[in-house]
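Here is what each chain is made of, one letter per residue.
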Amino acid sequence: MAGNRYNMYDGIDFSVFEPTSYERNAARKIETAPGRAKKKSAPKLKIVEAPKKTLMQLKREMHTSALQTAKILAISFVLLSLLAALLYGRLKVDELDREIANLNTDITAAQSECVRLNMQIDSVISLKNVEDYAQTQLGMVKMESHQIEYIDLSGEDRVVLSGEKMLSKNENSFVSKVLAYISK
């Protein structure tokens, strides 16, 4: 059975891996494939010199590069300014948020104090406390039904002056003049 394991390698020639000559090592020599030729040497490169530029061309290039540098600097300045403005805005927003949080804390404390004071006022002014104070300190008593007096207001309306004052129908009074003017 052990021999059957290697049957798949029957068609392969392993002699190519054996050294053909015993020089310094036993590694196989790699021969070039018969259809391939040896690499050709690289062609010689020619050095091409750029034509010399005139003074006008050099000035134009310098002017162009100066303009590009100025544009880059201007754009960089604008972008840095925008970044600074953004950072300043964020800083102000954070500062205002902290201030709002502090004020909200103060408002909460004031509302708690208001609730406490209202509860204290309610406890002092409660009806029971007022009744107790009126009865003990002032000597007052609750009103009974026989002490109630009713006033009849169904009669005619009239004006009664106190003292010796008299209602005069003087035509020279301001009210009479206004009434006369309105009635016209």
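Structure shown above.
Every value quoted in this text rests on a predicted model; they were computed, and no experiment measured them.

**Structural notes on the overall build of the protein chain**
Looking only at helices and strands, the protein chain has 3 helices and 0 strands in total. The order of α-helices and β-strands along the protein chain, N terminus first, is α-α-α. The 184 residues of the protein chain split such that 1% are buried. Element-wise, carbon and sulfur atoms account for 61% of the exposed surface of the protein chain, whose accessible area totals about 19500 Å².

**Focus: a nonpolar patch on the surface**
On the surface, a nonpolar cluster with roughly 630 Å² of combined accessible area is contributed by M8, Y9, I12, F14, V16 and F17. By the element assignment, Y9 lies in the segment before α1 (55-124).

**Side note on the pattern of salt bridges**
Counting across every chain of the model gives 4 salt bridges. Between E95 and K92 there is a salt bridge whose closest N-O contact spans 4.0 Å. One end of the pair is E95 and the other is K92, both in helix α1 and 3 residues apart, which spans about a single turn. Given a relative accessible area of 37%, E95 falls into the partly exposed group.

So, how was this worked out
Residues numbered from 1 in each chain as written. Predicted model: local features only at pLDDT ≥ 70, side-chain atom pairs only at ≥ 80, totals over all residues. Heavy atoms only, no water. Helix = DSSP H or I, 4+ residues; strand = E, 2+ residues; numbered from the N terminus. Buried < 20%, exposed > 50% of the residue type's maximum accessible area, 1.4 Å probe, protein only. Areas by Shrake-Rupley, 256 points an atom, 1.4 Å probe, with all protein chains shown as cover. Patch = residues over 30% accessible without salt bridge, like charges linked within 9 Å, V, L, I, M, F, W, Y side chains within 5 Å. Salt bridge = Lys/Arg side-chain N within 4 Å of Asp/Glu carboxyl O.

By themselves these figures say nothing about function.
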